[in-house]
Structure formats: C-alpha cells, structure tokens
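# Secondary and tertiary structure notes
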Amino acid sequence: MGRLHIAALRAAEGAGLPCRLAAVCDGDPQRLRGGGPKAGTIPGSDEPLFDPALVRGHRTPAELFADSDVDLVHICTWTDTHVDLAIAALAAGKHVVVEKPVAVRSLDVERLLKAARASDRLCMPAMCMRFWPGWTWLKTRIETGEFGPVRSASFRRLGSAPSWTGFYADESRSGGALFDLHIHDVDFITWCFGAPDSVHTTGTSTHLTTLYRYRNGPAHVSAEGGWSLSPSAGFRMQYLVCFEGATAEFDLSRTPTTTLHRGDRSEPVEIPALGGYDAEVAAAVRAVASGNRAGLPTLEEALTVTRLLEAERASLMG
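In this report, the structure presented in the accompanying data block is examined. Quick caveat: nothing in here was measured; it's all calculated off a predicted structure. Every chain begins its residue count from 1, and numbering advances along the sequence as written. Per-residue local features of the predicted model are confined to residues with pLDDT of at least 70, and side-chain atom pairs are confined, for both listing and counting, to 80 or more; whole-chain, interface and lining totals are unaffected and use all residues. Hydrogens and water are ignored here; the side-chain numbers use all heavy atoms of the structure.

## As for the sheet that holds strand β5 (residues 123-126)
In this description, strands pair whenever DSSP reports at least two bridges between them. Here a strand is any run of E in DSSP of at least two residues, a helix any run of H or I of at least four, and the numbering for each starts at the N terminus. With respect to topology, three strands assemble into an open sheet ordered β3-β4-β5, the strand pairing being parallel. Lying at the two open borders of the sheet, with one neighbouring strand each, are β3 (72-75) and β5. Strand-to-strand twist of the sheet, defined as the mean angle between neighbouring strand axes without regard to direction, takes the value 15 degrees. Under this scheme, a helix contributes an axis fitted over its contacting stretch, all axes are lines through C-alpha atoms, and angles between N-to-C directions fall in the 0 to 180 degree range.

What follows is the structure, encoded as structure tokens:
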C-alpha cells in the first residue's frame, strides 16, 4: 500500500496539485534508499520509488511526525498499528490518510475518532472504492435516480489469500477477509444506501455472503467476499445493480468494465481513466490545500462500517 500511495502522490504532483513526496518512514534501511527490487518499485514499473537525495528517510514514526516539512501523513502499516500511529500524527499537527481497515475493533476506531474531533486536522480513512471508476458513476446514478429506484444490488469481491506475509492469516490482527477485503463492499453499500437495519451472514471468515435488510431501501442487497480462490483463478470485483428502469454491471475482468443495460440494448459506460487510488489521494491533497473536506470518507462512517463488520462476524458465529 505504501508503494501505491507513493505512486498516487507522484501522479497528483504530475497533474499540478500542490504536493510532493517529502519523506518516508520505514524500519528497513534498504527501503529508505528507494531503490532495488526489495525496496519496492512503482507498481507496473522497474523505476525506483523515489530519489533518496530528494526524499528524506526516517527510521521511526516519531522522527517523521517531527519533520516540519511534512503536512500530510499516509499511514500504510499493519492494521493493528493504524490507530496509535494516526493519533500520534494528529497530536503532532499532521493531516492523516489512514489505510483501511482503520481497525478491527470499533472501540479502537472510537479512540481515533475522539482524537480527530479534538484536532483541526484531516483524518481520512482510505476507502478507495468511493473513488473507483465505474463505482463513482454508480453512486451518481443512485443519487440522481435517473433510472428509478434500486430494486436489487449485488456485490462480489473474491481472490486468494495474501501469501507474501503471514500477517493476514492472524485474524486477531488483520481481521481476515471480512475486514481487509469485504470491507470495501460494506463501505460502498452504506455510502449508497445508509446503514442497514439488520444483517445476516453465512459462510466462513474466509468466504462469506451477507444480506443487508432495509425497511426503507432496496429490497435486495447482498455482498459476497472471500480469500478462498486458488491463485490461478485470479481476482474478481463485480457489481450488478438493478434499477427500476435499467441494470448496471461492473466486472473488473472485462473491457469495458462498466455496462448499462436498458431494454434490449447494452452499452458501455465511459468512465474516467484516473484510477481509484490516484483519485483518492488527489482528493485528500485538495482537501488539505483548500480546507474543504466535503465528500470525503469520514471516521464516523468508518465507525459505522466497523460496527457492521462486527455484526457480520457475530452472525457468522451463530
């Protein structure tokens, strides 16, 4: 995630936004030098992440937070370190973008929310689907009601378990597929339709399906998520939303990804080329520069989503 955020910051700077990568923090000296395969490269490129002659490297978070040249901190660390690091960054007067999930316990999200409310700094949970091409289009269609009310909305997000580290296998720290993968759809559902009145979840912590019940909302809303696929099966990210007057479909594996079906016609939807991570980071930069935080994901929303995920976990356990 750190590599993705650096790439997005570079894209924002290249687009003329008032930002630059000023400093990085990592316990690995090789990463602080910005070069070599183990230090990480820009996704899809062999280019080094950054030039250490231009970007300061800090060994500890305290050093980074004390850097007066840093205005906005991106926290892309292990999930169970997010809250304490974000609180420390806010206390140092920094704006913060904190990767998802903010935490795997609502009590911890509440701690960060309290600290953020006591600060005048931005603290934005990084919910990238709110900025993803094809998903932002869907959100707008739901808001405008141009195709009528939503009758059914189904979301699907499936892949294989991360194999490059054992961290994700420890669900007490990572939250497993429920919190690290399925969270995207839970956040998007609540962003579009609000918090459901109840949830019913079946399956296991590695592959689950949840039904979201609304007294005043769509009659059918569901989300399937999991890490149970074989690696060779690839990754699936899809939605199928049936409005009264049209059906909208997204499939990451197709070109184009987004299709609108009306009557006997199906037509591709033109969507922006800007990727979800790029748009997310650009939005945070604009908010810091302008002071206008309207439309950004909030910690209050992150708390709602965390409580829903806890309810889904309780439903799984019976």
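From this point, things continue past the structure.
## Focus on helix α9 (residues 183-193)
Across the eleven residues that make up α9, a large majority, ten, are buried. Burial classification: accessible surface area is computed with a 1.4 Å probe over protein chains only, and a residue below 20% of its type maximum counts as buried, one above 50% as exposed, and the rest as partly exposed. Within α9, the full set of buried residues consists of I183, H184, D185, V186, D187, F188, I189, T190, C192 and F193. One or two steps after α9, the chain reaches G194, where phi turns positive at roughly 85 degrees.

## Focus: the pairing of strand β11 (residues 247-251)
The two faces of the sheet receive side chains in turn, since in a regular strand these alternate between them. With four of its five residues buried, β11 lies for the most part within the structure. Between strand β10 (residues 236-243) and the antiparallel strand that follows it, β11, lie three residues. Relative to strand β12 (residues 258-262), β11 runs antiparallel, the two being bridged by four bridges. Counterpart to E249 in the pairing with β12 is T259. Counting the residues in the hairpin turn of β11 and β12 gives six residues.

## Notes on the pattern of salt bridges
The salt bridge criterion pairs a side-chain nitrogen of Lys or Arg with a carboxyl oxygen of Asp or Glu, the two atoms within 4 Å. Evaluation of the coordinates by the stated rule reveals 24 salt bridges. Measuring nitrogen to oxygen at the nearest pair gives 2.5 Å for the salt bridge that ties R20 to D69. With R20 in the loop between α1 (2-14) and β1 (23-25) and D69 in the loop between α3 (61-65) and β3, the pair connects residues that are 49 residues apart, well separated along the chain. Given a relative accessible area of 30%, D69 falls into the partly exposed group. Connected via shared salt-bridge partners are R20, R56, D67 and D69.

## Brief notes about the pairing of strand β8 (residues 207-213)
Here β8 shows a clear split, with L208, T210 and Y212 buried on one side and none of H207, T209, L211 and R213 buried on the other. Strand direction decides the pairing type here: strand β7 (residues 198-204) and β8, joined by seven bridges, are antiparallel. The partner of T204 across the bridge, within β8, is H207. The turn joining β7 and β8, which pair antiparallel and follow one another in sequence, is formed by two residues. In the sheet, β8 pairs with strand β9 (residues 220-226) via six bridges, with the strands oriented antiparallel.

## A few points about the sheet that holds β11
In space, the eight strands of this open sheet follow the order β7-β8-β9-β6-β10-β11-β12-β13, with mixed pairing throughout. This sheet does not close on itself; its edge strands, each paired only once, are β7 and β13 (265-268). Going across the sheet, the axis of each strand differs from the next one's by a mean of 10 degrees, ignoring polarity. Packing of helix α6 (residues 135-144) onto the sheet brings it into contact with β6 (150-158), β10, β11 and β12, and relative to β10 it is tilted by some 15 degrees. Contacts are assigned to residue pairs that have any heavy atoms within 4.5 Å of one another. Helix α11 (residues 299-316) contacts β7 and β8 of the sheet and is inclined by roughly 55 degrees relative to β7.

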